[in-house]
Amino acid sequence: MSGNHVTIPTGAALRVKALETILEEKGLINSAALDSVVDMYETKVGPRNGARVVAKAWTDPAFRKRLLENATAAVAELGYGGPEGGHLVAVENTPKVHNLVVCTLCSCYPWPVLGLPPVWYKSFAYRSRAVRDPRGVLKEFGVEIPEKVEVRVWDSSAEQRYIVIPQRPAGTERMSEEQLAELVTRDSMVGVALVKART
Amino acid sequence: MGGMDGFGPIPIEKNEPVFHTDWEKRMYAIAMSMLGRHFDNVDEFRHALERIPAPNYLDSSYYERWLDAMMTLLVEKKKVTREELVSRGAEPIAPAQPANHCKGDSLEVRRRSARFREGDRVVARNLNPTGHTRLPRYVRGKRGVIHRDWGVYVFADSNAHHAGQRAQHVYSVTFEARELWGNGAPRKDTLRIDLWEDYLEADSSKTKAAKKKSSSVTRSKSGKKR
């Protein structure tokens, strides 16, 4: 995209190309259909979905209640669902509890509301340390949680997929749901960031 | 990986793209199409990832591991031969162990009645299976409390090996950070993890935590009286 940048195919690129060719020849995949799979997560499904969910939870107490009771059903009201979203659980940050989500075994992540996970979420560093030293991990993201607040880590080891509802920042009382959604970041919905009001 | 050392700082990237290269996009899409239609379940795919020899696993990027696991399964399921892959320059790795297909008995039993209830004290069993498991090492042998019953789910440990679904209750279990990591961990911090019923047994011991709880209740009561 940026003009003079030339990508030299790596070993992996050549192997994937070979695999795709073989599978296509055998009729096991349809290369054209692959494009729509990629497009779905590059342009349609991503953390903007989750941000809308959070903003609605902040402004609509009845929705917030439904979200905490059954997140899969609640986000379906906004049209979100699909792979890795069948057993969605929303966990809420409060002045007493800060939630942090990890998958130590692989890379489980709530795709319908957050899209595909970033590299750091899948990294060995995060997977190994988020459970043992969550406060140290949070510091690497620039977040310090007071000692009197419980840090509660969720290791997504089975079918449940977790989304954090961050705390609504002070000074946003007059903002609309759409404006609030603009403030909500992907990282805040994994629990490695706080939501800040823009100044 | 939970609790391991030596992986350095977390690789945080500002404005990270969904995919970094075209081959990652193709790999992701190939896996999604294959998993839905030509493979049996995601558990066997996860097990294929775990069967990548450890040095390769640690030295590969995320989608390279998908590529290796995918090729392992394709060859094992005879969808593609090793020779076909090699002749096109896509040599598959040799997995660290076979798929470990096992035959079970009366494995289709669905255990609808839950053995544990919210608030029950449990111990994560010290199981060390050779195949796929979703019981991380760092909770084995540790004491926790049932936070919630999520209902009945297919058991990944048997499903990955085509040894039956063995559907059973999965619970969210709370562990204190100090139980998992020792007294250096912050007192208030906790961890919740989802565990299948077969991973758990009742904690019948008179635990320190239980005693501590009752004594702290007494203390706070007397504290209020002043």
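Residues numbered from 1 in each chain as written. Chains lettered and ligands numbered in written order. Predicted model: local features only at pLDDT ≥ 70, side-chain atom pairs only at ≥ 80, totals over all residues. Heavy atoms only, no water.

Quick look at the sheet that holds strand 3 (residues 150-155) of chain A
Consideration 1: In spatial order, the strands read 2(A)-3(A)-4(B)-3(B)-2(B)-1(B)-5(B); together these 7 strands make up an open sheet with mixed pairing. Edge positions in the sheet fall to strand 2 (97-102) of chain A together with strand 5 (200-202) of chain B, since each of these pairs with one other strand and no more. Each adjacent strand pair in this sheet contributes to an overall mean axis angle of 35 degrees, direction not counted.
Consideration 2: Taken together, the 4 bridges between strand 3 of chain A and strand 4 (residues 190-196) of chain B define a ladder with parallel strand orientation. Bridging from a neighbouring strand, A:Val153 pairs with B:Leu191 of strand 4 of chain B.
Consideration 3: In the packing of helix 8 (residues 124-132) of chain A onto the sheet, contacts are made with strand 2 and strand 3 of chain A together with strand 4 of chain B, and the angle to strand 2 of chain A comes to roughly 150 degrees. (Pairing = 2+ DSSP bridges. Helix = DSSP H or I, 4+ residues; strand = E, 2+ residues; numbered from the N terminus. Axes fitted to C-alpha atoms, helices over the stretch in contact; angles between N-to-C directions. Contact = heavy atoms within 4.5 Å.)

As for the interface of chain A and chain B
Consideration 1: Contacts between the two partners involve 66 residues from chain A and, on the opposite side, 68 residues from chain B.
Consideration 2: Summed over both sides, the interface of chain A with chain B buries roughly 6200 Å², with 60% coming from carbon and sulfur.
Consideration 3: On the chain A side of the interface with chain B, the three residues burying the most area are A:Arg15, A:Phe124 and A:Arg132, jointly 12% of the side's total.
Consideration 4: Applying the counting criterion to the chain A and chain B interface returns 8 salt bridges.
Consideration 5: Measuring nitrogen to oxygen at the nearest pair gives 2.7 Å for the salt bridge that ties B:Asp189 to A:Arg135.
Consideration 6: At the junction of chain A with chain B, the criterion picks out 34 residue pairs in polar contact (both at pLDDT 80 or more).
Consideration 7: If you list the elements that add at least two residues to the side of chain A that touches chain B, you get helix 1 (11-25), helix 2 (31-44), helix 7 (119-122), helix 8, helix 9 (134-140), strand 3 and strand 4 (161-165) of chain A.
Consideration 8: For the side of chain A that touches chain B, the leading source of residues is helix 1 of chain A, giving 11 residues.
Consideration 9: When its residues are assigned to classes, the side of chain A that touches chain B shows 35 nonpolar, 11 polar and 20 charged. (Buried area = accessible area lost by both parts, 1.4 Å probe. Salt bridge = Lys/Arg side-chain N within 4 Å of Asp/Glu carboxyl O. Polar contact = N/O pair within 3.5 Å; in protein donor to acceptor, adjacent residues only side chain to side chain. Nonpolar A, V, L, I, M, F, W, Y, C, P; charged D, E, K, R; others polar.)

Quick word on the domain arrangement of chain A
Consideration 1: On domain assignment, one finds that chain A holds domain 1 (11-43) and domain 2 (45-190).
Consideration 2: Centre-to-centre, using C-alpha coordinates, domain 1 of chain A lies 31 Å away from domain 2 of chain A. (Domains from an automatic or database assignment.)

As for the packing of aromatic side chains
Consideration 1: In this structure the tally under the stated criterion is 24 aromatic pairs over all chains.
Consideration 2: Taken together, a centroid distance of 5.7 Å and an interplanar angle of 75 degrees make the contact between B:Phe116 and B:Tyr171 edge-to-face. Note that B:Phe116 is positioned in the loop between helix 5 (82-87) and strand 1 (121-124) and B:Tyr171 in strand 3 (residues 168-176), a separation of 55 residues in sequence. For the pair shown, B:Phe116 and B:Tyr171 are each scored as buried.
Consideration 3: An aromatic cluster is built from A:Tyr41, A:Trp111, B:Phe19, B:Tyr28, B:Phe45, B:Tyr62, B:Tyr63 and B:Trp66, whose rings are joined through pairwise contacts. (Phe/Tyr/Trp six-rings, centres within 6.5 Å; stacked < 30°, edge-to-face > 60°. Buried < 20%, exposed > 50% of the residue type's maximum accessible area, 1.4 Å probe, protein only.)

Remarks on the domain arrangement of chain B
All names here are of chain B.
Consideration 1: For chain B, the domain assignment lists domain 1 (22-87) and domain 2 (107-220).
Consideration 2: Across the contact, 8 residues belong to domain 1 and 9 residues belong to domain 2.
Consideration 3: The interface formed by domain 1 and domain 2 contains 0 salt bridges.
Consideration 4: Counting across the domain 1 and domain 2 interface gives 4 residue pairs in polar contact (both at pLDDT 80 or more).
Consideration 5: Of the residues contributing to the side of domain 1 that touches domain 2, the split by class is no nonpolar, 2 polar and 6 charged.

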